[in-house]
Each structure stands twice: as structure tokens, then as C-alpha cells.
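One letter stands for each residue in the lines below.
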Amino acid sequence: MQTLMKSIGYQFRNPALLQRALTHPSMGMEDNQRLEFLGDAVLQFIMSDILYASHPKDREGQLTHLRALLVCEAALSQVARSLHVGEALRMDRGEEQTGGRDKPSVLCDAMEAILAAVYLDGGLDAARSIVQRCWPRPEDVHRPMQDSKGALQEHLQKDGGDAPTYTIISQDGPPHDRTFEAAVARYGVELARGTGKTKKQAEQAAALAALEMLTGQK
């Protein structure tokens, strides 16, 4: 963990927080999912604040698009790889043998959990310094073609309106093998639903279903 703390540029007062952030659900113990939940909100706020200050002439739709690009799975996994987060993760042998240390969804969750751990340990300014130091510029995010959430947002925001919102409406199965169902909506109207083995995969599936419905393509 010392190597990772050096990579992120933050020394924990309570290293147990970082250990929790690095614990994959496959370990069957206190994992990083609660921290991931908090880290998502922390990152959304910090990125919103940074973009609001750095893009004074951009309208809401433009700011929302930039934020979505910088908090998406592709951006988070890119940051995690640059910091070698995968090497520090605690996961069972089965997850590791199936490539868990380099799965974008696993790295994304871990990066959000790490950000939450820093926030709890050192406050908002400490978390902000990591985002400012480690995150790529919007144009440097290597977003995969399968990023349906980004594609849906671009499709919907051509008119400058609000971005779509996602809600996890159900989850089934044990902690290490859950299936999530997500719904995507705009202006309070549900567009589509999707399922996946992680919350982010379910949201991507919902976005893809909405794109197919809106464009008439499959």
C-alpha cells in the first residue's frame, strides 16, 4: 500500500481506509462497495466544481458533457492504470485468474473507493488535489467504442438539454456474484432498462437499449 500511497501522492492517517478501498467483493469480507458509492458522489462534486471554475463560458449542457466524460468508466480505469491500482487490489484467486486486476469495471470501482477513502481520511481538499493531479484532460480520455452511456449522452444533448439519469432499480445474488438492473430516464421519463454484473455494466446496457430505441438501430 505504501507504493500506491506514493503514486497517488497522499499518506493515509488511517491506512485501514485504503485497505478497504482495495478490497474486491470476491474476498467475502468488508469490501469497497460502500466506499465506491461515496467516491462516485465525491468525484461528481469535485469535477463539477473544477469545470464550473475552469469553463466560465460553457453552458450547462456543455459542462454536463465534459463531466460525464471525466467521470466515466473509461476515464476512471485510465487513471487507475496510470497509478497501478490493479497491482494493489485484494481479490480471490478466481477473480484474479479471469483478469480482474485489469477489468475496467473493477478498476473504476476501486478508483472511486480510493477517492472516498482519501476524502474520509483527509477531507475534500485532499481528494480534490488527487483529482487535479491525476485526472486526464477531456480530450485525453481513451473512451472505448462500447461506451454506450457517453454515446447516449451525446445523442440526447445535441439540443443542449438535460443529460439522462440512471437508477439501479434491483439487484439479485450474493455479494460476489450480483446481477443489477438499471433504468435510464430523461426529464423523469424512463427510456429503457438493462442488466449487468456490475452497476456500471447495467447502466451501459440500459444506455445501449435506449440508443437502439431512439435511433431505430440494433
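Higher on the page you've got the structure.
This text gives an overview of the structure that appears in the document. All figures in this text were calculated on a predicted structure; none of them were measured in a lab.

As for the packing of aromatic side chains
One pass over the structure, following the stated rule, counts 1 aromatic pair. Between Tyr10 and Phe12, the ring centres sit 5.0 Å apart and the planes meet at 85 degrees, which makes this aromatic pair edge-to-face. No difference in accessibility class separates Tyr10 from Phe12, as the two residues are buried. Cation over ring: Lys149 sits above Tyr166, and NZ or CZ is 4.6 Å from the ring centre.

Thoughts on the pattern of salt bridges
Applying the stated criterion across every chain yields a total of 12 salt bridges. Of the charged contacts, one joins Asp102 and Arg81 as a salt bridge, the two residues approaching to 2.8 Å between their closest N and O atoms. Note that Asp102 is positioned in the loop between helix H7 (93–97) and helix H8 (104–122) and Arg81 in helix H5 (residues 73–82), a separation of 21 residues in sequence. Between Asp109 and Lys200 there is a salt bridge, with the nearest N and O atoms lying 3.2 Å from each other.

Observations concerning the nonpolar core
Membership of the largest hydrophobic core comes to 48 residues, with the highest contact counts inside it found for Ile8, Phe12, Val85, Met111, Ile114, Val118 and Trp135. Listing elements by their share of this core, those giving two or more residues are helix H1 (2–8), helix H2 (15–21), helix H3 (33–54), helix H4 (60–71), H5, H8 and helix H9 (124–134). In terms of residue count, H8 provides more of this core than any other element does, 11 residues in total. When near neighbours in sequence (up to four residues on either side) are disregarded, Met111 contacts Leu76, Val79, Ala80, Leu83, Val85 and Trp135. Grouped together as the second largest cluster of nonpolar side chains are 11 residues, Leu152, Phe180, Ala182 and Ala210 included.

Thresholds, definitions, all that
- Residues numbered from 1 in each chain as written.
- Predicted model: local features only at pLDDT ≥ 70, side-chain atom pairs only at ≥ 80, totals over all residues.
- Heavy atoms only, no water.
- Phe/Tyr/Trp six-rings, centres within 6.5 Å; stacked < 30°, edge-to-face > 60°.
- Buried < 20%, exposed > 50% of the residue type's maximum accessible area, 1.4 Å probe, protein only.
- Lys NZ or Arg CZ within 6 Å of the ring centre and 35° of its normal.
- Salt bridge = Lys/Arg side-chain N within 4 Å of Asp/Glu carboxyl O.
- Helix = DSSP H or I, 4+ residues; strand = E, 2+ residues; numbered from the N terminus.
- Core = buried A, V, L, I, M, F, W, Y, C linked by side-chain atoms within 4.5 Å.
- Contact = heavy atoms within 4.5 Å.

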